[in-house]
Amino acid sequence: MKKIFVSKKINILIKVIVSIVVVIILAFTGFYYHVKHTVEAQHLAFSIHGQGWKKYISYDMLSDDLQEIISEEEFSDTDPKNKFRMYRKLENMIIDNRDQSEFYATTTGVKTPYVEFYETDGKKYRVDFRIDIDNHFGKMEVRNFCCHIHEVQNIF
């Protein structure tokens, strides 16, 4: 009888230890993926800031809300006038109103804003961008693509 009682205790102890190990593995796995996605999003934001968004953001990366506002043709158009027209559509538009610290990354996290300059209809403009990046089921997603357009006298 004593041998059976000890055997049950050992079985329970083994199950508890295995359960604890599984919980620890799951916790570390979740933490690993959170850190991995944060680093990827921050790398994307810094790359956008340094070399422009056109090279790093595809239409598929836009959130469904942004895709309702911008067509794939508008997004892919390389003509400066049409690109500026798209920026006008996005001017001062914040779709996801969370605090910027709640996103995986944002282009406004860098000391100087990401800007582009345009000249259209004889006027010169500076376009400042706020691009907020989140993770959506393991995929980088642009939640906000907000443009602030300022008329300027001289581009440089």
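The structure we're discussing is the one just above.
In this text, all values refer to a predicted model and were calculated from it rather than measured experimentally.

Enquirer: Describe the overall build of the protein chain, with residues and values.
Expert: When you go through the protein chain residue by residue, the secondary structure sums to 4 helices and 4 strands. Listed N to C, the secondary structure of the protein chain is α-α-α-α-β-β-β-β in terms of helices and strands. For a compact globule of 156 residues, the expected C-alpha radius of gyration is about 15 Å, and the protein chain comes in at 24 Å, more than 25% above that figure. If one aligns the C-alpha atoms of the protein chain with their principal axes, the spans along those axes are about 95 × 30 × 25 Å. Expressed as a percentage of the 156 residues in the protein chain, the buried residues total 34%. Considering only residue pairs separated by 6 or more positions, the protein chain has 64% of its internal contacts joining residues 24 or more positions apart. Counting every atom, the protein chain has about 10,300 Å² of accessible surface; 59% of that belongs to carbon and sulfur.

Enquirer: Give a detailed account of helix H4 (residues 80-89), specifying residues and quantitative values.
Expert: Listing the buried residues of H4 in full gives Lys83, Phe84, Met86 and Tyr87. Considered in projection along H4, the buried side chains sweep an arc of 155° and stay on one side of the axis. Contacts from the buried residues of H4 go to helix H3 (72-76), strand E2 (114-120), strand E3 (123-136) and strand E4 (139-152).

Enquirer: Quick rundown of unusual backbone geometry? Include the residues and the values.
Expert: With a phi angle near 55°, Asn92 is a residue other than glycine that sits in the positive phi range. Mapped onto the elements, Asn92 comes out in the loop between H4 and strand E1 (105-106). A positive phi is found at Asp121, a non-glycine position, where the angle reads about 55°. In this fold, Asp121 is placed in the loop between E2 and E3.

Enquirer: Pulling in residues and values, what's your account of the side chain of Thr106?
Expert: Structurally, Thr106 is set in strand E1. With residues near it in sequence (within four places) discarded, Thr106 still touches Ala45, Gln100, Arg130, Ile131 and Asp132.

Enquirer: Which residues make up the side chain of Asp96, and what values do they have?
Expert: Its location among the elements puts Asp96 in the loop between H4 and E1. For Asp96, a relative accessible area of 10% gives the class buried. Within the structure, Asp96 has its side chain in polar contact with the side chain of Arg143 (distance 3.1 Å). Residues within four places of Asp96 in sequence aside, it is in contact with Phe103, Arg143 and Asn144.

Enquirer: Please provide a residue-by-residue account of the environment of Leu26, values included.
Expert: Examined against the element boundaries, Leu26 turns out to sit in helix H1 (residues 2-51). Residue classification places Leu26 among the exposed residues on the basis of a relative accessible area of 58%. For the pair formed by Leu26 and Thr38, sequence separation is 12 residues and the distance between their alpha carbons is 18 Å.

Enquirer: Please provide a residue-by-residue account of the nonpolar core, values included.
Expert: By size, the foremost hydrophobic cluster in this structure holds 29 residues, and its most contacted members are Trp53, Ile57, Phe75, Tyr87, Phe129, Ile131 and Phe145. Broken down by secondary-structure element, the contributors of at least two residues to this core are H1, H4, E2, E3 and E4. In contact with Trp53, other than residues within four places in its own chain, are Ile48, Phe75, Lys83, Met86, Tyr87, Tyr114, Glu116, Phe129, Ile131 and Phe145.

Enquirer: So what's going on with the environment of Arg88? Residues and values would help.
Expert: By secondary structure assignment, the location of Arg88 is in helix H4. Beyond its immediate chain neighbours, meaning those up to four positions away, Arg88 contacts Tyr125 and Ile149.

What counts, and where the lines are drawn
Residues numbered from 1 in each chain as written. Predicted model: local features only at pLDDT ≥ 70, side-chain atom pairs only at ≥ 80, totals over all residues. Heavy atoms only, no water. Helix = DSSP H or I, 4+ residues; strand = E, 2+ residues; numbered from the N terminus. Rg over C-alpha atoms; globule rule 2.2 N^0.38 Å. Buried < 20%, exposed > 50% of the residue type's maximum accessible area, 1.4 Å probe, protein only. Contact = heavy atoms within 4.5 Å. Areas by Shrake-Rupley, 256 points an atom, 1.4 Å probe, with all protein chains shown as cover. Arc of directions from axis to C-beta. Polar contact = N/O pair within 3.5 Å; in protein donor to acceptor, adjacent residues only side chain to side chain. Core = buried A, V, L, I, M, F, W, Y, C linked by side-chain atoms within 4.5 Å.

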